[in-house]
Amino acid sequence: MNKLVSIVVPVYNERDNVQLLAKAVHNIFENLPYRYNIIFVDDGSADDTLDILKELSASHSNMRYVSFSRNFGHQAALKAGLDMAEGDCVISMDGDMQHPPELIPLLLEKWEAGYNVVYTVRKEDSALPYVKRKTSSAFYSILNGLSDIEIEKGTADFRLLDKTVVGVLRNLHEYELFFRGLVKWAGFKQIAIEYTPAQRNAGVSKYTYKKMVRFALQGFTSFSNRPLYAATYIGFTFALLSLLYIPYVIFSFLFEHPISGWASIIVTIAFFGGLQLLILGIIGIYIGKLFTQSKQRPVYIVKESNLS
Ligand code: UDP
Ligand code: MG
């Protein structure tokens, strides 16, 4: 019997894309010696994506769908897909045609060559908005600087995972998921392949800048506690520097009588006020993580599905 490949596709308001993607994947597998199924994870779409998925599943035996009770986010949808996929390997890809299905044979080829993880890296591409490219690049530089894992710039959530790796990821109980990091962290034999992202087929991007900043902060704080050490180092440095100030103050008090210093006081207060709030905020983020994690709520809630 041929090996089974599960394709996991998180979709949120992608009504005009799901059919096209299902067709494209179908065409690819027609020429490949594998069985496949597609698991669409409907992340609480507000449009009729779910109805379209149901129709697709009714007419195609290899279509599966899972629908969330509300929008839980892209990473939660990926987790659900991994939890439910029964394939010998799982390929995750976006539902908007930005991850070219033509790359699937290459992913499978590398898998057959013995790699447990085949992930993709976006080629620097001028089709992406300038700000998105630059912020993404800065994000990876900072993340790699802060943490012990090394993630290539432009790593996408388009990847093949062998079922052993899927098993590892399934057993993680992190509330704030950041798969690009988790996959690297998991280890095993990994290889990267480059791809040129296509334009989104229909609809709009669901990653607003606000969501991206949040996602980035989750990434940093999930894989490093170095920001917490920063406060100690900065505090220590300034405490030492302030000691140098004492002889100066005594000297000017004794010999230069009026100590004028309104400007320097204001600047110092403002600077340290800002610094303290920043550091308090960093500590706050970690405490928030502990808080959400300790509640042990599920990462997603399934409303309905045609998976057993
Ligand atoms: N997505 C999701 N839940 C969300 C946001 C996005 O399942 O809350 C899906 C979306 O339907 C798409 C994929 O995640 O299939 C990537 O999202 P998008 O294309 O909006 O992000 P971008 O490519 O602009 O970074
Ligand atoms: Mg997209």
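Everything below is about the structure shown above.
The structure contained in this document is the topic of the report that follows. Nothing here was measured: the structure is a model prediction, and the numbers come from that model.

Turning next to the overall build of the chain. A count of helices and strands for the chain gives 10 helices and eight strands. A compact globule built from 308 residues should have a C-alpha radius of gyration of about 19 Å, whereas the chain, at 25 Å, is more than 25% larger. Seen through its principal axes, the chain has C-alpha atoms that stretch 90 × 40 × 40 Å. In the chain, which comprises 308 residues, the share counted as buried stands at 44%. For the chain, the proportion of contacts with a sequence separation of at least 24, taken over those separated by at least 6, is 83%. Just so you have it, the chain exposes about 16700 Å², and 62% of that area is on carbon and sulfur atoms. With 31 positive and 29 negative side-chain charges, the chain shows a spacing of 3 Å between the two charge centroids.

Time to look at helix α3 (residues 74-84). One turn of an α-helix holds 3.6 residues; hence residues three or four places apart share an orientation. In terms of burial, α3 is a largely internal element, nine of the 11 residues being buried. Considered for burial, the residues of α3 that qualify are H74, Q75, A76, A77, L78, K79, A80, G81 and L82.

Moving on, we come to the site of ligand 1. Around ligand 1 sit 18 residues in total, of which E14, D43, D96, S205 and K206 are the nearest. In the environment of ligand 1, a nitrogen atom lies 2.6 Å from a nitrogen or oxygen atom belonging to the side chain of D43. Residues belonging to the shell around ligand 1 are distributed by class as follows: four nonpolar, six polar and eight charged.

With that settled, consider the environment of I250. By the element assignment, I250 lies in helix α9 (residues 226-255). A C-alpha to C-alpha distance of 51 Å links I250 and K211, two positions 39 residues apart in sequence.

Take the packing of α3 against helix α6 (residues 163-170) next. Packing of α3 against α6 brings their axes to within 9 Å, and their N-to-C directions diverge by 120°. Viewed along their axes, α3 and α6 adopt a mutual orientation that is oblique. Crossing geometry of α3 relative to α6 is assigned as left-handed. Listed contacts from α6 to K79, L82 and D83 of α3 are V166, L169 and R170. In the contact of α3 with α6, the residues fall into three nonpolar, no polar and three charged.

On inspection of all chains with the given rule, the structure shows 12 salt bridges. E152 is paired through a salt bridge with K184; the nearest N and O atoms lie 3.5 Å apart. Residue E152 is located in the loop between α5 (130-146) and β6 (155-162), and its partner K184 is located in helix α7 (residues 179-186); the two are separated by 32 residues in the primary sequence. The class for E152 is partly exposed, based on a relative accessible area of 32%.

This brings us to a nonpolar patch on the surface. On the surface, a cluster of nonpolar side chains totalling about 1000 Å² of accessible area is made up of F236, L240, L243, I246, I250, F251, F253, L254 and F255. Along the chain, the position of F236 falls in helix α9.

Let's shift gears to the sheet that holds strand β5 (residues 117-122). Hydrogen bonds between backbone atoms are what pair the strands of a sheet, whose relative direction is either parallel or antiparallel. Pairing is mixed across the open sheet formed by eight strands, whose spatial order is β7-β5-β6-β4-β1-β2-β3-β8. Strand pairing shows two members of the sheet lacking a second neighbour, β7 (190-195) and β8 (302-305), which therefore form its edges. Here the strands of the sheet are splayed against their neighbours by 20° on average, with no regard to which way each runs. Bridge analysis of strand β2 (residues 35-42) against strand β3 (residues 63-68) gives five bridges, and the strand direction is parallel. Across the sheet, the residue bridging to I38 is M63, located in β3. Against the sheet, α3 makes contact with β1 (4-11), β2, β3, β4 (89-92), β6 and β8, and its axis sits at roughly 155° relative to β1, the strand it touches most.

Calculation notes
- Residues numbered from 1 in each chain as written.
- Chains lettered and ligands numbered in written order.
- Predicted model: local features only at pLDDT ≥ 70, side-chain atom pairs only at ≥ 80, totals over all residues.
- Heavy atoms only, no water.
- Helix = DSSP H or I, 4+ residues; strand = E, 2+ residues; numbered from the N terminus.
- Rg over C-alpha atoms; globule rule 2.2 N^0.38 Å.
- Buried < 20%, exposed > 50% of the residue type's maximum accessible area, 1.4 Å probe, protein only.
- Contact = heavy atoms within 4.5 Å.
- Areas by Shrake-Rupley, 256 points an atom, 1.4 Å probe, with all protein chains shown as cover.
- Lys, Arg positive; Asp, Glu negative; His and termini not counted.
- Charge placed at Lys NZ, Arg CZ, Asp CG, Glu CD.
- Near = heavy atom within 4 Å.
- Polar contact = N/O pair within 3.5 Å; in protein donor to acceptor, adjacent residues only side chain to side chain.
- Nonpolar A, V, L, I, M, F, W, Y, C, P; charged D, E, K, R; others polar.
- Axes fitted to C-alpha atoms, helices over the stretch in contact; angles between N-to-C directions.
- Parallel < 35°, antiparallel > 145°, perpendicular 65-115°, else oblique.
- Left-handed = near helix turned anticlockwise from the far one by under 90°.
- Salt bridge = Lys/Arg side-chain N within 4 Å of Asp/Glu carboxyl O.
- Patch = residues over 30% accessible without salt bridge, like charges linked within 9 Å, V, L, I, M, F, W, Y side chains within 5 Å.
- Pairing = 2+ DSSP bridges.

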